[in-house]
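The lines below spell out each chain.
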Amino acid sequence: MSDLAHGQGVDATCSRAGCRAAADWRIDWRNPRIHAADRRKTWVACDEHVGYLRDFLTARDFPVWVAPLAPAEPEATR
Ligand SMILES: [Zn+2]
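A. Expanded view of the coordination of the zinc ion. Here the zinc ion is held by the protein donor atoms Cys14 (SG), Cys19 (SG), Cys46 (SG) and His49 (ND1), which lie 2.0 to 2.3 Å from it. For the zinc ion, the 4 donor atoms in the first shell make angles of 103 to 116 degrees at the metal, a pattern classed as tetrahedral. Between the donor residues of the zinc ion, the gaps in sequence give the motif C-x4-C-x26-C-x2-H. You can see cysteine 19 sitting in the segment before strand E1 (25–29) and its partner histidine 49 sitting in the loop between strand E2 (41–45) and helix H1 (50–58), a full 30 residues away along the chain.

B. Quick peek at the pairing of E1. With 5 bridges connecting them, E1 and E2 associate as antiparallel partners. Across the sheet, aspartate 28 pairs through a bridge with threonine 42, a residue of E2. Relative to strand E3 (residues 64–68), E1 runs antiparallel, the two sharing 5 bridges. Across the sheet, isoleucine 27 pairs through a bridge with valine 66, a residue of E3.

C. Up close: the side chain of aspartate 28. Counting through the fold element by element, aspartate 28 comes out in strand E1. Separated by 2.9 Å, the side chains of aspartate 28 and arginine 26 make a polar contact. With near-sequence residues (within four places) excluded, aspartate 28 lies in contact with Arg40, Lys41, Thr42, Pro63, Val64 and Trp65.

D. Structural context of the environment of asparagine 31. Turning to its location among the elements, asparagine 31 is positioned in the loop between E1 and E2. Classification of asparagine 31 as buried rests on a relative accessible area of 12%. Sequence separation between asparagine 31 and valine 64 is 33 residues, and the spatial gap between their C-alpha atoms is 9.4 Å.

E. Representation of H1 within the structure. Of the residues making up H1, those classed as buried are Val50, Leu53 and Leu57. Take H1 and look down its axis: the buried residues cluster within an arc of 75 degrees, on one side only. Residues of H1 that are buried make contact with E1, E2 and E3.

Quick notes on the rules
- Residues numbered from 1 in each chain as written.
- Predicted model: local features only at pLDDT ≥ 70, side-chain atom pairs only at ≥ 80, totals over all residues.
- Heavy atoms only, no water.
- Donors = N, O, S within 2.8 Å, 3.2 Å for Na, K, Ca; no water.
- Tetrahedral: all angles 85-135°; square planar, octahedral: opposite > 155°, others 65-115°.
- Helix = DSSP H or I, 4+ residues; strand = E, 2+ residues; numbered from the N terminus.
- Pairing = 2+ DSSP bridges.
- Polar contact = N/O pair within 3.5 Å; in protein donor to acceptor, adjacent residues only side chain to side chain.
- Contact = heavy atoms within 4.5 Å.
- Buried < 20%, exposed > 50% of the residue type's maximum accessible area, 1.4 Å probe, protein only.
- Arc of directions from axis to C-beta.

Remember, this is a structural readout, not a statement about activity or role.
Pasting the structure below:
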């Protein structure tokens, strides 16, 4: 399953190619040409790349929703 940010405790890594940073943001977007109206894709991004990825999508006139990634359920503290 590569559907990110759907369950709890998501250990999300930035969707930007080559970036291994932990994601702080989720970017929900849709390509109106191939996706049904209720279909959304979710990317996640670190602080550094959230703007890049949002711009990448908005430049293509895709609807984009950016929101802070909900904190994962706290696990046992290390
Ligand atoms: Zn990143």
